[in-house]
Amino acid sequence: MVVFWDFFRPLLAPLASCRMAMSPDAARVPSPVRERDRVRDATFPESPGPSPQPSPAREREPVAACITRWGSTGSRSRRRQSYVLLLTLLAPLPAQAEIEPGDLSLTVTAEFNGNSAPFAREMVLLKIRGVYKQPILLEEVVQPSLANFSWTQLGRDHWSKTKLPDGQSAIAFDRTVAVFPHHAGDFIIEPFTHKLTVNDFGERRVVEVRSKPIPFPVARWTEASGGPDAKEPWWLPARDVAVTDSWSPDPETVKLGETTRRIVTLEVQGMVAEGLPPRPVMRTRGILTFAGPVTRETLLTPSGPVARATYQWDVKPGVPEVIPLDAIAIPWFDTNTRTMREAEIPARQIGGGLPDREGDRAPPPVPSPLVAAAAALATFGLGLALIGYGTGRPRLRLSAASRRALNRAARAGDPAGFRAALEAARREAPDLARIWQARPDLAAPLAALDRAVFGTAGAPAPDLPALARALSRSEVLPTASGPDRLAPLDGPAA
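Here is a short report on the structure shown in this document. Along each chain, the written sequence defines residue order, and numbers are assigned to residues from 1. Owing to the predicted nature of the model, reporting of local features is limited to residues with pLDDT of at least 70; listing and counting of side-chain atom pairs is limited to 80 or more, with chain, interface and lining totals taken over all residues. Hydrogen atoms and water are omitted, and side-chain values are computed over all heavy atoms in the structure.

1. Things to note about the overall build of the chain
Numbered from the N terminus, helices here are DSSP runs of H or I no shorter than four residues, and strands are runs of E no shorter than two. For the chain, the helix and strand inventory stands at 11 helices and 22 strands. To sort residues, take the accessible area from a 1.4 Å probe on protein chains only and compare it with the maximum for the residue type: under 20% means buried, over 50% means exposed, and anything in between is partly exposed. Buried residues in the chain amount to 29% of all 494 residues. Here, Shrake-Rupley sampling with a 1.4 Å probe gives the accessible areas, and only protein chains in the shown set may cover a residue. Per element, the accessible surface of the chain, about 32,300 Å² overall, is 58% carbon and sulfur.

2. Let's talk about the nonpolar core
Within this scheme, the nonpolar core is defined by two criteria: the residues are buried Ala, Val, Leu, Ile, Met, Phe, Trp, Tyr or Cys, and they are joined through side-chain atoms within 4.5 Å. Within the largest apolar cluster, 31 residues are counted, with the highest numbers of intra-cluster contacts made by L236, V241, V268, M271, L276, V315 and I350. If you list the elements that add at least two residues to this core, you get β6 (169-181), β12 (240-248), β13 (260-269), β16 (304-317), β17 (323-325), β18 (328-334) and β19 (339-345). Considering each element in turn, this core owes the most residues, five residues, to β16. Contact definition: two residues touch when any of their heavy atoms are within 4.5 Å. Residues within four places of L236 in sequence aside, it is in contact with V241, V268, G275, L276, P277, I330, P331, W332 and F333. The next biggest cluster of nonpolar side chains, apart from the first, holds 24 residues, and it includes A110, L196, I214 and V218.

3. Describing the packing of aromatic side chains
Here the aromatic set is Phe, Tyr and Trp, taking the six-membered ring for Trp, and pairing holds for ring centres within 6.5 Å; pairs whose planes are under 30 degrees apart are stacked, those over 60 apart are edge-to-face, and all others are tilted. Tallying each qualifying case throughout the model produces 10 aromatic pairs. An angle of 80° between the planes, with centres 4.9 Å apart, marks the rings of F149 and F216 as edge-to-face. Of this pair, F149 sits in strand β4 (residues 149-153) while F216 sits in strand β10 (residues 214-218), and the two are 67 residues apart along the sequence. Note on accessibility: F149 and F216 belong to one class, buried. Between the aromatic rings of W221 and W235, the centroid separation amounts to 5.2 Å while the plane-to-plane angle is 70°, which identifies the pairing as edge-to-face. Within this pair, whereas W221 is found in the loop between β10 and β11 (237-238), its partner W235 is found in the loop between β10 and β11, the two being separated by 14 residues in sequence.

4. Observations regarding the packing of helix α10 (residues 440-454) against helix α11 (residues 464-472)
Packed helix pairs are specified by the crossing angle of their axes together with the interaxial distance, meaning the distance between the axes. Axis lines are fitted to C-alpha atoms, over the contacting stretch for helices. Their N-to-C directions set the angle, which ranges from 0 to 180 degrees. Contact pair α10 / α11: the axes reach a minimum separation of 11 Å and the direction vectors enclose 130°. As far as their axial angle goes, α11 and α10 are oblique. Crossing of α10 over α11 shows left-handed handedness. Across from L442, P445, L446 and L449 in α10, the residues of α11 making contact are L464, L467, A470 and L471. Charged means Asp, Glu, Lys or Arg here, nonpolar means Ala, Val, Leu, Ile, Met, Phe, Trp, Tyr, Cys or Pro, and polar covers whatever is left, Gly included. Looking at the contact of α10 with α11, its residues break down into eight nonpolar, no polar and no charged. Working definition: roughly parallel below 35 degrees, roughly antiparallel above 145 degrees, roughly perpendicular at 65 to 115 degrees, and oblique for all remaining angles. In this scheme, a crossing is called left-handed if the near helix is turned counterclockwise away from the far one by less than a right angle; it is called right-handed if the turn is clockwise.

5. Focus on the environment of A421
Mapped onto the elements of the fold, A421 is located in helix α8 (residues 415-428). Residues A421 and A401, spaced 20 residues apart in sequence, show a C-alpha to C-alpha distance of 10.0 Å. In this structure, A421 is in contact with A405 and L406, ignoring residues within four places of it in sequence.

6. Brief notes about helix α9 (residues 430-438)
Taken as a whole, α9 has its buried residues at L432, A433, I435 and W436. Angularly, the buried residues of α9 cover 160° about the axis, an arc narrow enough to put them on a single face. Exposed side chains of α9 directed beyond 90 degrees from the buried face belong to R434, Q437 and A438. The secondary structure elements touched by the buried residues of α9 are β21 (395-396), α8, α10, α11 and β22 (475-476). It is the directions from the helix axis to the C-beta atoms whose arc is reported.

See below:
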């Protein structure tokens, strides 16, 4: 403070003397000019009359003299510095808020799925969080342009009270924004700005709190098929996919000319409704289908958004035969494991099932005793004939689930998945596995499959769809010849 006063005292001394000259008390200070005027008035008194009024020019003489003396001190550069310093001292200073570093903070975190760079059109959540110690009067979030992304805000902003690590209370602000990159590349999420109006000792003050920029790399799809840029199949990145299929009435009970309604619900975790695929195509010979409306919705959960789509068809058989409906595969990309997976709308059949009419469900009439005795005799005779002659050898076939697994792997061109499904089928039906091993037409493709999966890289895979069809056919269970069917009762002949 002493140094500060020593610097400005030479500059302000002339101004202080000017103030003394202009003050009313300056008249009481004796000066040579006032003393001379007093002696003159006493020697030569003026004639009676009104006393003369002081001239304005004469009033300004002390001020002009003071300014002249002040202006003449020092060089011109010294005077210029004096003016600047004087204006700086006299200018009103803005009010400074007592805001310490760390009182207002804003962070933006990108939640990458599987801690890996996302692909194009894959959803990434931006979690925006502000922690403020100052009372907030008004607020506004200014979002960057996000030129290379599509985005949507998930829900409303959430304000709450929180405790800091040092035990102090603060206000927390949370917002979640889902972004979808348009294409591969290295991008930057520019800072978000939160404009806050705070209470600074009874006065309002606007403070801008900015987040840090975020690097945002987007990976390029390198697989041979699929991916975000392919038109078919639909690109569906998600954490999980569930399919629900319902019919009303049951399709097996529908007769010619009747109608049943099929409703398929697709529920996808980690996706918004706009990213769900269009209605699947359901066509087959012998049925008429009438597509209904498609409804989409996004459900907000603590773990993230869940998208739900409902597809609807009215199905009417056009032929009296049983009509099979094939399964509809829905491929999707697992964002947790970073692998392709497949959901399925299950296969069904129309017609040929259980009756659904009350008359058809009525129990059959009780036959008369004679008819019952004749039926029992016929059954006994048929049993004897079966024991003596047999009706043919039994047939074996894979279950529907195993056949679907083989067909899915064959359609996807996945030799490893086909080999895994085949191994599960062998464990399920060991008799069929022995039949396949004995068939010459299956030995070559099965050996080629093993070479493609377990052999050297680049080994060609067999025709998987043809192999799936061959393995899905029913097989006759082989039995021994006639003399060896039953062991001799008395042991082998001597």
